[in-house]
Amino acid sequence: MAAKSKATVAVVEPVQPVDMATVQREIQRVAEAVRDAVDAALVGQVVGGVTITAPTGRVVVNVEALASAARASTVLGHFAPRRWMDNGDRLHQIAVSPYHINRPPVEVVGTMVHEYLHLTAETNSIKDTSRQGTFHNATFAALVKLTPLLDEGSRDKRIGVTTTPSDALRTWCAEELHPNFGAAVKLQEDKPNPKPPTTVRFECYRCETKATVSAKQVGEGFVPLCAYTHEAKAMAPVS
């Protein structure tokens, strides 16, 4: 009589949660270094007639995506004024997108510097953006110019001034900061294609005149004229 074969028992490895707490601690450490470096460069400088002082109080710094799925895939980080509340205090927020945190560390630090400039502008009542905070204007460019950690990138009709890490930031990260945000990255969910918009909003990047045009007209090449400059080239679509 043949011996019964023993059943094979599958070995199940225990669940190993990703240590996001380590990532958060690294975000906090780098944020403190960025704060000290940017404050050293900006405090006492005059921008838009305002003598800059250092932001004070607590700020929430974390890994978080925008609620808007349409923009979350492209936005690298964001600054949100008075977004959090703690014991009755309204707190500003600087966030790095989880969809892009696996970029080269210097690029992530560059995003944090960029958002800290927005924090500095907010706490000094400096208007550095328009179009509900999506368009970076000439005042923001002035802040960038005063900050040795960033260089001004290309000018974009949709978002205005863009920034890139400067050589000084790259040296600082490599020789002193040594940032390490790990390799984990959040993936975008597959979503059905949304219905195409029926209208397109335009705004003049010079005087902020607004206009709404049907998508059909835009498809046929129509661009509205600015009511003040009477120039079509000054009007750009707003996402």
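Report on the accompanying structure. Every value quoted in this text rests on a predicted model; they were computed, and no experiment measured them. (Residues numbered from 1 in each chain as written. Predicted model: local features only at pLDDT ≥ 70, side-chain atom pairs only at ≥ 80, totals over all residues. Heavy atoms only, no water.)

A word on the side chain of Glu 26
Right, on to step 1. Relative to the helices and strands, Glu 26 is located in helix H1 (residues 20-42).
Right, on to step 2. Judged by its relative accessible area of 12%, Glu 26 is buried.
Right, on to step 3. Side-chain polar atoms of Glu 26 contact the side chain of Arg 29, separated by 2.9 Å.
Right, on to step 4. Setting aside chain neighbours within four positions, we find Glu 26 in contact with His 178, Pro 179, Asn 180 and Phe 181. (Helix = DSSP H or I, 4+ residues; strand = E, 2+ residues; numbered from the N terminus. Buried < 20%, exposed > 50% of the residue type's maximum accessible area, 1.4 Å probe, protein only. Polar contact = N/O pair within 3.5 Å; in protein donor to acceptor, adjacent residues only side chain to side chain. Contact = heavy atoms within 4.5 Å.)

Focus: the side chain of Thr 111
Right, on to step 1. By secondary structure assignment, the location of Thr 111 is in helix H3 (residues 105-123).
Right, on to step 2. If near-sequence neighbours (up to four positions away) are discounted, Thr 111 is found in contact with Leu 76, Gly 77 and Arg 103.

Points about the sheet that holds strand E3 (residues 59-63)
Backbone hydrogen bonds hold the strands of a sheet together, and the pairing may be parallel or antiparallel.
Right, on to step 1. Here we have 3 strands laid out as an open sheet, ordered E3-E5-E4, and mixed in their pairing. One side of each edge strand has no neighbouring strand; the edge strands of this open sheet are E3 and strand E4 (77-86). Put simply, the sheet's adjacent strands are angled 30 degrees from each other on average, direction ignored.
Right, on to step 2. Examined bridge by bridge, E3 and strand E5 (residues 89-96) share 5 bridges and lie parallel to one another. Each residue of the ladder has a partner; that of Asn 62, found in E5, is Ala 95.
Right, on to step 3. Along the sheet, H1 contacts E3 and E5; its crossing angle with E3, the most-contacted strand, is approximately 135 degrees.
Right, on to step 4. Sheet strands touched by H3: E3, E4 and E5. Its angle to E4, the strand with the most contacts, is close to 55 degrees. (Pairing = 2+ DSSP bridges. Axes fitted to C-alpha atoms, helices over the stretch in contact; angles between N-to-C directions.)

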